[in-house]
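# Structural characterization, general
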Amino acid sequence: MTWRATVLTLFPEMFPGPLGISLAGRALASGLWALEARDIRDAATDKHRSVDDTPAGGGPGMVLRADVLAAAIDAADIASNAFSSEVETGSRQENPANQESRRPRLLMSPRGRPLTQQRVVELAAGRGPLIVCGRFEGVDQRVIEARGLEEVSIGDYVLSGGELGAMVLIDACVRLLPGVMGKLASGTEESFSDGLLEYPQYTRPQAFEGRPIPEVLLSGDHARIAAWRRAQAEALTRTRRPDLWAARPAEAAAKTSKNAPDG
Ligand code: SAH
């Protein structure tokens, strides 16, 4: 089944936006993944098509209504089930466990669990998430509970809406989908795989403003190059991200180079 991101937003015209360009955009055009941006306002019921109201208890701004958002989520579920059975009939049979498992339902939210590469890998391995984008002061708490929304944050700062966060999440997932990245290795050796930041990269020219490419990289000695890169990745992680360094997986800790530069 094609990996599919469904985005619930008040601004569907923001999509695909940057996701329509380069790696993700080419993959989208060639059907390696699918994107569905649905307008939350289509679920509004009153004549003004209102989606928000003032916060109970007072305070500034507006809050997205639970009833409208729940209706938008339910409509997206119905559409996505119809989509899957369409794809299923006449094509290969899916593992029934996958068919039944509900798609992850995410809510972009500064209060959420910070997004990590590990979570991205999990989301990329599934059917693809439904992502709710908040706006204004956020969404009514009751819809988060009633529809089991998993709050996801892209960092400790506040955006004006969830759309850019949803794009960040989708972009990170899409580049991991089979067939999207030309060379598989570029997905497995980069930052955060193995709990480390990536080593520094160089390309021609050989000398740039008096700075040469490190000699070892031109040596052709693959074992030495691998050891140098490993040591650089460890030193960078230790100095820049002591939190990642302390939390790296046990297998990675066991592999720590004896010759890592001190950080
Ligand atoms: N009043 C809220 C902020 C609302 S910002 C608070 O203080 O927590 C409006 C919307 O932008 C949010 O509902 C959310 O969907 C999105 N958003 C803002 N910052 C975000 C972040 N760091 N990560 C993910 N989504 C974010």
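Analysis parameters
Position numbers for residues count from 1 along each chain, tracking the sequence in the order it is written. Residue-level local features of this predicted model are given only where pLDDT is at least 70; pairs of side-chain atoms are given and counted only at 80 or more, and the full residue set underlies all totals for whole chains, interfaces and linings. To get the side-chain values, all heavy atoms of the structure are used, and hydrogens and water are removed first. Only one rule defines a salt bridge in this text: a Lys or Arg side-chain nitrogen within 4 Å of an Asp or Glu carboxyl oxygen. The classification of residues rests on relative accessible area computed with a 1.4 Å probe and restricted to protein chains. Under 20% of the type maximum is buried, over 50% is exposed, and intermediate values are partly exposed. Elements are defined by DSSP. Helices are runs of H or I of four residues or more, strands are runs of E of two residues or more, and each kind is numbered from the N terminus. In these notes, residues near a molecule or strand are those with any non-hydrogen atom within 4 Å of it. The definition of a polar contact used here is a pair of N or O atoms within 3.5 Å, where within protein one atom must be able to donate a hydrogen and the other to accept one, and adjacent residues in sequence count solely through side-chain atom pairs. All residues other than Ala, Val, Leu, Ile, Met, Phe, Trp, Tyr, Cys, Pro, Asp, Glu, Lys and Arg, Gly among them, are scored as polar; the first ten of these are nonpolar and the last four charged. By this rule, a helix spans an expected 1.5 Å times one less than how many residues it contains. Whether two residues touch is decided by their heavy atoms; if any such pair falls within 4.5 Å, the residues are in contact. We define a nonpolar core as any set of buried Ala, Val, Leu, Ile, Met, Phe, Trp, Tyr and Cys residues linked to one another through side-chain atoms lying within 4.5 Å. Picture the helix axis, draw a direction to every C-beta atom, and the arc is the one those directions span. Residues enter patches when their relative accessible area tops 30% and they take part in no salt bridge; the joining distance is 9 Å for like charges and 5 Å for the nonpolar side chains Val, Leu, Ile, Met, Phe, Trp and Tyr. Each accessible area value is a Shrake-Rupley result obtained with a 1.4 Å probe; residue values ignore everything except the protein chains displayed when judging cover. If DSSP finds at least two bridges between two strands, the strands pair. Note on method: axes are straight lines fitted to C-alpha atoms, helices fitted across the in-contact stretch only, with angles between N-to-C directions ranging 0 to 180 degrees.

### What to know about the pattern of salt bridges
Counted by the stated rule, this structure contains 16 salt bridges. Across the pair Arg49 and Asp42 runs a salt bridge whose closest N-O atoms are separated by 3.0 Å. Overall, Arg49 belongs to the partly exposed group, its relative accessible area being 38%. Owing to a relative accessible area of 57%, Asp42 belongs among the exposed residues under this scheme. The residue Arg230 makes a salt bridge to Glu234 at a minimum N-O spacing of 3.0 Å. Highlighted residues: Arg230 and Glu234, both in helix α8 (residues 222–240), separated by four residues, approximately one helical turn.

### Observations regarding the site of the ligand
Neighbouring residues of the ligand: 18 residues in total, closest Met108, Gly134, Gly155, Tyr157 and Leu159. Here a nitrogen atom of the ligand and a backbone polar atom of Ser109 are 3.2 Å apart. Take Gly155: an N or O atom from its main chain is 2.9 Å from a nitrogen atom of the ligand. Within the residue set of the shell around the ligand, elements represented by two or more residues are β5 (105–114) and β7 (150–153). With three residues, the single largest contributor to the shell around the ligand is β5. Counted by class, the shell around the ligand contains eight nonpolar, eight polar and two charged residues.

### Quick notes on α8
Helix length check: α8, at 19 residues, gives a terminal C-alpha distance of 27 Å against a target of 27 Å (1.5 Å per residue), a fit within 8%. Within α8, burial applies to Ile225, Trp228, Arg230, Ala231, Ala233, Glu234, Ala235, Leu236 and Thr237. Where α8 is buried, its residues contact α9 (242–247) and α10 (250–254).

### Focus: the nonpolar core
Judged by nonpolar contacts, the single largest core of 25 residues is most densely connected at Trp3, Trp33, Leu169, Ile170 and Val174. No other element matches helix α6 (residues 163–174), which puts seven residues into this core. If we skip the residues at most four places from it in the chain, Trp3 touches Trp33, Ala34, Leu123, Ala124, Gly126, Arg127, Gly128, Pro129, Ile170, Cys173, Val174 and Leu177. If you look at the next biggest cluster of nonpolar residues, it comprises 21 residues, including Ala43, Leu64, Val139 and Leu149.

### Side note on helix α4 (residues 117–125)
Along α4, the residues classified as buried are Arg119, Val120, Leu123 and Ala124. Down the axis of α4, the sector holding all buried residues measures 135°, keeping them to one side. Relative to its buried face, α4 has exposed residues pointing more than 90 degrees away, namely Gln118 and Ala125. Where α4 is buried, its residues contact β1 (3–9), β5, β7 and α6.

### Some words on a nonpolar patch on the surface
Side chains of Tyr157, Leu159 and Leu164 sit close together on the surface and give an oily, nonpolar patch of about 290 Å² of accessible area. Among the structural elements, Tyr157 can be located in the loop between β7 and α6. Owing to a relative accessible area of 45%, Tyr157 belongs among the partly exposed residues under this scheme.

### So, the sheet that holds β1
As summarised here, the arrangement of the five strands in space is β2-β1-β6-β5-β7, forming an open sheet in which the pairing is parallel. Looking at strand neighbours, the two that pair on one side only are β2 (33–39) and β7, the edges of this open sheet. Neighbour-to-neighbour, the strand axes of the sheet open up by a mean angle of 35°, direction not taken into account. Strand direction decides the pairing type here: β1 and β2, joined by seven bridges, are parallel. Residue Ala5 lies in a different strand from β2, and its bridge partner there is Leu35. Against the sheet, α4 touches β1, β5 and β7, its axis set at about 180° to β5.

### Focus on the side chain of Arg4
The residue Arg4 is located in strand β1 in this model. Once you skip the residues sitting within four places of it in the chain, Arg4 turns out to touch Ala34, Glu36, Phe83, Arg103, Arg127, Gly128 and Pro129.

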